[in-house]
Amino acid sequence: MKPLKVALLGCGVVGSQVIRLLHEQADDLAARVGAPLELAGVAVRRLGRKRDIDVDPALLTTDAEALVTRDDIDIVIEVIGGIEPARSLILAALSRGKSVVTANKALLAEDGSTLHEAARTGNGDLYFEASVAGAIPLLRPLRESLAGDRVKRVLGIVNGTTNYILDKMDSTGASFTDALEEAQTLGYAEADPTADVEGFDAAAKAAILAGLAFHSRVRADEVHREGITEITATDVASAKAMGYVIKLLAICARSDDGRSFGVRVHPAMIPRSHPLAGVREAYNAVFVEAESAGQLMFYGKGAGGAPTASAVLGDLVAVGRNRLAGTRGPEESTYADLAVHPMGETVTRCHVALDVADKPGVLAQVAELFAKHDVSIQTVRQEGRGDDAQLVIVTHRATDAALSATMAGLRELDIVRAVASVMRVEGDEQG
């Protein structure tokens with residue numbers, strides 16, 4: 001049967017593994033698709049660069065646009081990342097009726113609607129399983145397997161770098177700086193780790209997850225984002241003493257009335273009894289809660305060349321089958337068009353540590369301020385004496401706006417020397 005010709009954009013960590021799998025599994029892939037998959041060209045930045053895999057030099061080109069617009073190309077795989085030139089290249093391919101498989105979470109979160117529209121008008125497929133959680137089959141279950149259900153909540157760890165750092169801080173008592181340096185040494189973190197540790201990577205993934213879960217368009221700038229750079233060894237030790245562990249979570253939750261949803265990424269304390277608490281090192285795990293299906297958990301390697309390439313190849317097989325059958329996969333589903341409610345309206349709980357003056361009446365003044373903003377206190381305890389006196393408070397559920405107003409008021413009290421830390425609490429439904 002006539003081969004389906006594939007153009008690959010990028011030959012880095014993921015791209016090289018895609019090439020390896022295409023070669024090693026050629027016969028199996030052909031049987032699964034119904035036709036051979038032929039690598040027809042690989043776009044790279046520099047031709048003479050040493051690569052992780054041997055590639056026929058005749059396939060290499062620095063003219064990515066010429067490659068994706070060739071008449072004989074059927075499918076384009078994009079693994080170069082970033083916004084440009086990836087967006088222009090993907091749009092050029094889709095506008096010419098080619099199908100696209102991409103791992104580009106940042107682009108999908110920023111301008112996914114444009115890509116989906118181009119796929120629709122060009123009559124091609126746009127598949128992106130590899131954009132979130134690496135090898136973990138997560139997006140296709142949301143988009144297809146749960147299409148007949150109503151998703152209420154998505155909660156998970158979607159960034160392996162931050163999970164590795166927080167895990168090392170918890171298990172060894174390391175500082176954030178030391179744990180980050182270890183992650184960089186092992187290749188889990190980039191030389192510039194900003195996208196990971198400040199939550200940008202997780203926010204892009206959260207936007208994609210929320211869009212699929214709630215059938216609405218979500219942009220990365222609509223996601224409330226906080227990173228982990230302010231987490232200290234003291235915070236981690238305090239959480240540990242209370243039976244909690246700190247994780248950077250992506251949380252997408254439908255409102256009680258079903259008319260809106262929240263999307264947020266921030267560090268949070270979760271009970272050690274919670275399944276996410278046991279997700280170690282650079283692994284990812286995501287909970288999906290649906291009305292009929294109940295709670296589902298997806299766990300596995302969330303990054304790396306081979307795991308991500310596995311997801312790319314899965315999409316490639318699906319796209320190839322569609323092209324042979326003359327059909328297309330599911331289009332973007334945005335019929336619900338729900339609003340993203342602001343973080344201030346999100347209901348959550350907080351763990352608050354206050355450095356306070358050690359004298360009578362301190363607790364009464366603090367409790368009065370919490371009550372003023374309609375924030376109920378669940379537990380409170382005092383630690384230390386004199387200059388080391390500290391109040392540790394865990395609240396009941398309240399809006400984030402009320403909690404923020406309470407924290408601002410605490411900073412103005414003479415008896416409060418400092419708000420030592422504020423950490424949201426998740427995963428404890430009894431709170």
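Residues numbered from 1 in each chain as written. Predicted model: local features only at pLDDT ≥ 70, side-chain atom pairs only at ≥ 80, totals over all residues. Heavy atoms only, no water.

J.: What should I look at first to understand the packing of helix H1 (residues 13–24) against helix H12 (residues 305–325) in this one?
T.: Helix packing for two helices is described by the angle between their axes and how far apart those axes are. Across the interface, H1 lies against H12 with an axial gap of 8 Å and an inter-helix angle of 55 degrees. In terms of their interaxial angle, H1 and H12 are classed as oblique. Read as a crossing pair, H1 and H12 show a hand that is right-handed. Where H1 abuts H12, its residues Val13, Val14, Gln17, Val18, Arg20, Leu21 and Leu22 lie against Gly305, Ala306, Thr308, Ala309, Ser310, Val312, Leu313 and Leu316. Taken together, the residues that form the contact of H1 with H12 break down as ten nonpolar, four polar and one charged. (Axes fitted to C-alpha atoms, helices over the stretch in contact; angles between N-to-C directions. Helix = DSSP H or I, 4+ residues; strand = E, 2+ residues; numbered from the N terminus. Parallel < 35°, antiparallel > 145°, perpendicular 65-115°, else oblique. Left-handed = near helix turned anticlockwise from the far one by under 90°. Contact = heavy atoms within 4.5 Å. Nonpolar A, V, L, I, M, F, W, Y, C, P; charged D, E, K, R; others polar.)

J.: Before we go on, may I ask you to explain the nonpolar core in this structure?
T.: Generally speaking, a soluble globular protein has its nonpolar side chains buried in company with each other. If you look at the biggest cluster of nonpolar residues, it comprises 76 residues, and the most contacted ones within it are Leu138, Ile165, Leu209 and Val288. In contact with Ile165, not counting residues within four places along its chain, are Phe176, Ala179, Leu180, Ala183, Val197 and Ile228. Leu37, Leu316, Val317 and Val319 belong to the second-largest nonpolar core, a separate cluster that totals 34 residues. (Core = buried A, V, L, I, M, F, W, Y, C linked by side-chain atoms within 4.5 Å. Buried < 20%, exposed > 50% of the residue type's maximum accessible area, 1.4 Å probe, protein only.)

J.: Honestly, the packing of aromatic side chains in this entry has me stumped. Any pointers?
T.: What characterises a pair of aromatic rings is the spacing of the ring centres plus the angle enclosed by the ring planes. Taken as a whole and assessed by the stated rule, the structure comprises three aromatic pairs. With a centroid separation of 4.8 Å and 45 degrees between ring planes, the pair formed by Tyr164 and Tyr188 is classed as tilted. With Tyr164 in helix H7 (residues 160–172) and Tyr188 in the loop between helix H8 (176–185) and helix H9 (194–197), the pair connects residues that are 24 residues apart, well separated along the chain. By relative accessible area, which is 2% here, Tyr164 ends up buried. On the numbers, 5.4 Å between centres and 10 degrees between planes, the contact of Tyr283 with Tyr299 is stacked. With Tyr283 in strand E11 (residues 283–290) and Tyr299 in strand E12 (residues 294–301), this residue pair connects regions lying 16 residues apart in the sequence. For Tyr283, a relative accessible area of 29% corresponds to the partly exposed category. The cationic tip of Arg143 hangs over the ring face of Tyr127; the distance from NZ or CZ to the ring centre is 4.9 Å. Directly above the ring of Phe200 sits Arg225, whose terminal nitrogen or CZ lies 3.8 Å from the centroid. (Phe/Tyr/Trp six-rings, centres within 6.5 Å; stacked < 30°, edge-to-face > 60°. Lys NZ or Arg CZ within 6 Å of the ring centre and 35° of its normal.)

J.: Can you help me understand the packing of H7 against H8 in this one?
T.: Direction vectors running N to C along H7 and H8 enclose 130 degrees, while the axes themselves pass 9 Å from each other. In terms of axis orientation, H7 runs oblique to H8. Like other packed secondary-structure pairs, H7 and H8 cross with a definite hand, here right-handed. Mapping the contact onto sequence places Tyr164, Ile165, Lys168 and Met169 in H7 and Phe176, Ala179, Leu180, Glu182 and Ala183 in H8. The residue inventory of the contact of H7 with H8, partitioned by class, reads seven nonpolar, no polar and two charged.

J.: Teacher, can you tell me more about the pairing of strand E1 (residues 4–9) here?
T.: Side-chain positions along a regular strand alternate between the two faces of the sheet. With five of six residues buried, E1 lies mostly within the body of the structure. With six bridges joining them, E1 and strand E2 (residues 37–43) adopt parallel strand pairing. The residue of E2 that forms the bridge with Val6 is Leu39. Examined bridge by bridge, E1 and strand E4 (residues 75–78) share four bridges and lie parallel to one another. The residue of E4 that forms the bridge with Leu9 is Glu78. (Pairing = 2+ DSSP bridges.)

J.: Is there a simple way to explain the side chain of Asp235 in this structure?
T.: Of note, Asp235 is situated in helix H11 (residues 233–241). One buried charged residue, Asp235, remains without a salt bridge, the closest side chain of opposite sign being Arg381 at 11 Å. Excluding residues that lie within four positions of it along the chain, Asp235 makes contacts with Glu230, Ile246 and Ser421. (Lys, Arg positive; Asp, Glu negative; His and termini not counted. Salt bridge = Lys/Arg side-chain N within 4 Å of Asp/Glu carboxyl O.)

J.: Explain the environment of Arg20 here, please?
T.: Inspection of the secondary structure puts Arg20 in helix H1. The class of Arg20 is partly exposed, set by a relative accessible area of 25%. Linking Arg20 and Gly258, residues 238 residues apart in sequence, is a C-alpha distance of 45 Å. Here Arg20 is in contact with Ile53 and Ala306, once residues within four sequence places are set aside.

J.: What should I look at first to understand the pairing of E12 in this one?
T.: Relative to E12, E11 is paired through eight bridges, and the arrangement is antiparallel. Each bridged residue has a counterpart across the sheet, and for Val288 the counterpart in E12 is Leu296. Counted between consecutive antiparallel strands, the loop separating E11 from E12 contains three residues.

J.: Is there a simple way to think about unusual backbone geometry in this case?
T.: Leave glycine aside and you will find that most residues have negative phi; peptide bonds, for their part, are mostly trans. A cis geometry characterises the amide bond from Glu84 onward to Pro85, with omega recorded as 10 degrees. Structurally, Pro85 is set in the loop between E4 and helix H4 (86–95). Residues other than glycine seldom take positive phi values, yet Asp374 does so here, at roughly 60 degrees. Locating Asp374 in the fold gives a position in the loop between helix H13 (362–372) and strand E15 (377–383). For Asp374, a relative accessible area of 67% translates into the label exposed.

J.: Help me out: how do you make sense of the environment of Gly427 in this one?
T.: Examined against the element boundaries, Gly427 turns out to sit in the segment after strand E18 (416–425). The spatial distance from the C-alpha of Gly427 to the C-alpha of Phe128 is 29 Å, given a sequence separation of 299 residues. Once residues lying within four places of it in the same chain are set aside, the contact partners of Gly427 are Pro271 and His274.

J.: In this structure, what is going on with the side chain of Glu78? I would like to understand it.
T.: Within the secondary structure layout, Glu78 lies in strand E4. Summary of buried charges: Glu78 has no salt-bridge partner, and the nearest side chain of opposite charge, Arg45, is 9.6 Å away. One polar contact links Glu78 to Thr102, side chain to side chain, over a distance of 2.5 Å. Look past the residues within four positions of Glu78 in its chain and what remains in contact with it is Leu9, Ala86, Ile90, Val101, Thr102, Ala103 and Asn104. (Polar contact = N/O pair within 3.5 Å; in protein donor to acceptor, adjacent residues only side chain to side chain.)

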